[in-house]
Amino acid sequence: MQGQAEAGHGPVLVQLDHGVLHLTLNRPDKLNSFNQEMHLALRAGFERAHADPAVRAVLLTGAGRGFCAGQDLGDRDPSKQDGPPDLGQTLENFYNPLVRLIRSLPKPVICAVNGVAAGAGANVALACDIVIAAKSARFIQAFSKIGLIPDAGGSWSLPRILGEPRAKALALTAEPLDAETAAQWGLIWKWVGDDHLQEEATALAQRLADGPTQALGMTKLAIQDAASQPLDAQLDLERDLQRRAGRSADYAEGVSAFLQKRKPEFKGQ
Ligand code: LHQ
């Protein structure tokens, strides 16, 4: 662990270990469903990842047998409310800022889906850069079961990743998708045996945290930009980003290490 304040309890466990910021959703008795406290704690974690140069990769996972069951519906009992809720406000205040923080972070975000990922929980996972799931994990677009639409970016990411036919079927039926099929369909990077998930995800996060952080961050943002740009604009973007990458100390180190036939020691600068 290095320097910063660490939290070993609370709705999100936070630990910085050799450049990897571990963020663990920690409401296991509620399958890590989102209440306001967990939202604020997770947001603070990603804000720290943006601001703290010691953070060079993020590893998001869940405590207990689930990854995240989406919104905590215990908070949402209609019989205890004055009138119809404004769910748009919940998205505006909590889910949308979270997804934006994850996608705009110029550092890799790995998500280790350790169990069920339902509703907004599934779509927060899909907002991360690399998703590894335990074999027993399931992805459920649970929204339609309670009369809602896919949120937390799901209506955007699902058709882009899967195409309309599979995106619509998953969202309209709310049928669970197992980890093996999710990997086969390209929804996630890969699945691993349950007992190996944390070890593999941590090793991957560590490898990325030891990498040329600026280049990895720009790679992530460039690939995201491609979704909304024609080739000409993307070529211009590559020129601009490569210009910046070429001026980084990590580029000089990478080339020197290659020429000297040794392992590079990237500093994230
Ligand atoms: C839960 C939850 C949960 C509270 C399990 N809340 N306790 C955005 C804007 C604003 C509002 C609305 O929502 C959204 C976005 C969304 O995310 S909408 C989608 C909300 N999520 C769901 O609809 C999923 C609800 N959960 C389930 O369908 C099941 O729990 C799944 C399929 C996730 C897991 O099933 P099981 O493995 O059979 O577990 P379980 O159902 O027995 O749950 C274990 C415990 O966790 C249980 O508590 P208990 O005290 O009985 O042991 C559940 O009540 C609790 N839990 N999800 N979302």
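Before any of the text, the structure's been laid out above.
Residues numbered from 1 in each chain as written. Predicted model: local features only at pLDDT ≥ 70, side-chain atom pairs only at ≥ 80, totals over all residues. Heavy atoms only, no water.

Peer 1: Can you break down unusual backbone geometry residue by residue, with the values?
Peer 2: One non-glycine residue, Ala-174, adopts positive backbone phi at about 60 degrees. Assessed through its relative accessible area of 3%, Ala-174 is described here as buried. Even without a glycine there, the phi angle at Lys-261 is positive, about 50 degrees. Tracing the backbone through its elements, the reader meets Lys-261 in the segment after helix H10 (249–259). Its relative accessible area of 78% is what places Lys-261 among the exposed residues. (Buried < 20%, exposed > 50% of the residue type's maximum accessible area, 1.4 Å probe, protein only. Helix = DSSP H or I, 4+ residues; strand = E, 2+ residues; numbered from the N terminus.)

Peer 1: An account of the side chain of Asn-114 is requested, with residue identities and associated values reported.
Peer 2: Position of Asn-114 among the secondary structure elements: in the loop between strand E5 (109–113) and strand E6 (116–118). Judged by its relative accessible area of 12%, Asn-114 falls in the buried class. A polar atom in the side chain of Asn-114 sits 3.5 Å from the side chain of Thr-61. At 2.9 Å, the side chain of Asn-114 forms a polar contact with the backbone oxygen of Gly-66. In this structure Asn-114 touches Thr-61, Gly-62, Ala-63, Gly-64, Arg-65, Gly-66, Phe-67, Ala-134, Leu-197 and Gln-198, once residues within four positions along its chain are discounted. (Polar contact = N/O pair within 3.5 Å; in protein donor to acceptor, adjacent residues only side chain to side chain. Contact = heavy atoms within 4.5 Å.)

Peer 1: Can you lay out the environment of Leu-170 for me, pointing to particular residues and giving the numbers?
Peer 2: Mapped onto the elements of the fold, Leu-170 is located in helix H5 (residues 164–173). Sequence separation between Leu-170 and Ser-79 is 91 residues, and the spatial gap between their C-alpha atoms is 29 Å. Not counting the four nearest positions on each side in its chain, Leu-170 is found in contact with Gln-141, Leu-162, Glu-175, Leu-177 and Trp-185.

Peer 1: Please give an account of the side chain of Ser-248 that cites residues and values.
Peer 2: Counting through the fold element by element, Ser-248 comes out in the loop between helix H9 (231–246) and H10. A polar atom in the side chain of Ser-248 sits 3.2 Å from the backbone nitrogen of Tyr-251. Sequence-distant contacts of Ser-248, that is, excluding residues within four places in its chain, are made with Gln-214 and Gln-269.

Peer 1: Talk me through the site of the ligand; I want residue IDs and the actual numbers.
Peer 2: With respect to spatial proximity, 25 residues lie near the ligand, and among them Arg-65, Ala-69, Gln-71, Leu-73 and Ala-120 are the closest. Between the ligand and Gln-71 there is a distance of 2.8 Å, counted from a nitrogen atom to a backbone nitrogen or oxygen. Here Leu-73 contributes a backbone N or O atom positioned 2.9 Å from a nitrogen atom of the ligand. Bound to the protein, the ligand loses 67% of the 1000 Å² it would expose on its own. Of the residues forming the shell around the ligand, the biggest block, three residues, is contributed by helix H2 (residues 87–104). (Near = heavy atom within 4 Å. Areas by Shrake-Rupley, 256 points an atom, 1.4 Å probe, with all protein chains shown as cover.)

Peer 1: Outline the pairing of strand E1 (residues 12–17), listing residues and values.
Peer 2: Side-chain alternation along E1 places Val-12, Val-14 and Leu-16 on a buried face and Leu-13, Gln-15 and Asp-17 on a face that remains uncovered. Direction of pairing for E1 relative to strand E2 (residues 20–25): antiparallel, over a ladder of six bridges. Across the sheet, the residue bridging to Asp-17 is Val-20, located in E2. Taking the residues between adjacent antiparallel strands as the criterion, E1 and E2 are bridged by two residues, where His-18 takes a positive phi near 50 degrees. (Pairing = 2+ DSSP bridges.)

Peer 1: How would you explain helix H4 (residues 154–162) if you had to name every residue and give the values?
Peer 2: Those residues of H4 not exposed but buried are Gly-154, Ser-157, Leu-158 and Leu-162. Within H4, the buried residues cover an arc of 100 degrees as seen down the axis, which keeps them to one side. Along its buried surface, H4 packs onto helix H3 (120–127) and H5. One or two residues past the end of H4 sits Gly-163, with phi positive at roughly 85 degrees. (Arc of directions from axis to C-beta.)

Peer 1: Give me the lowdown on the sheet that holds strand E8 (residues 138–140), citing residues and values where you can.
Peer 2: Strand order across the open sheet formed by four strands is E4-E6-E8-E9, with mixed pairing between neighbours. Taken across any chain shown, the strands that pair with only one partner, and hence form the sheet edges, are strand E4 (66–68) and strand E9 (177–178). With two bridges connecting them, E8 and E9 associate as antiparallel partners. Among the inter-strand pairings, Phe-139 is bridged to a residue of E9, identified as Leu-177. The sheet strands contacting H3 are E4, E6 and E8, and the helix crosses E6 at an angle near 100 degrees. (Axes fitted to C-alpha atoms, helices over the stretch in contact; angles between N-to-C directions.)

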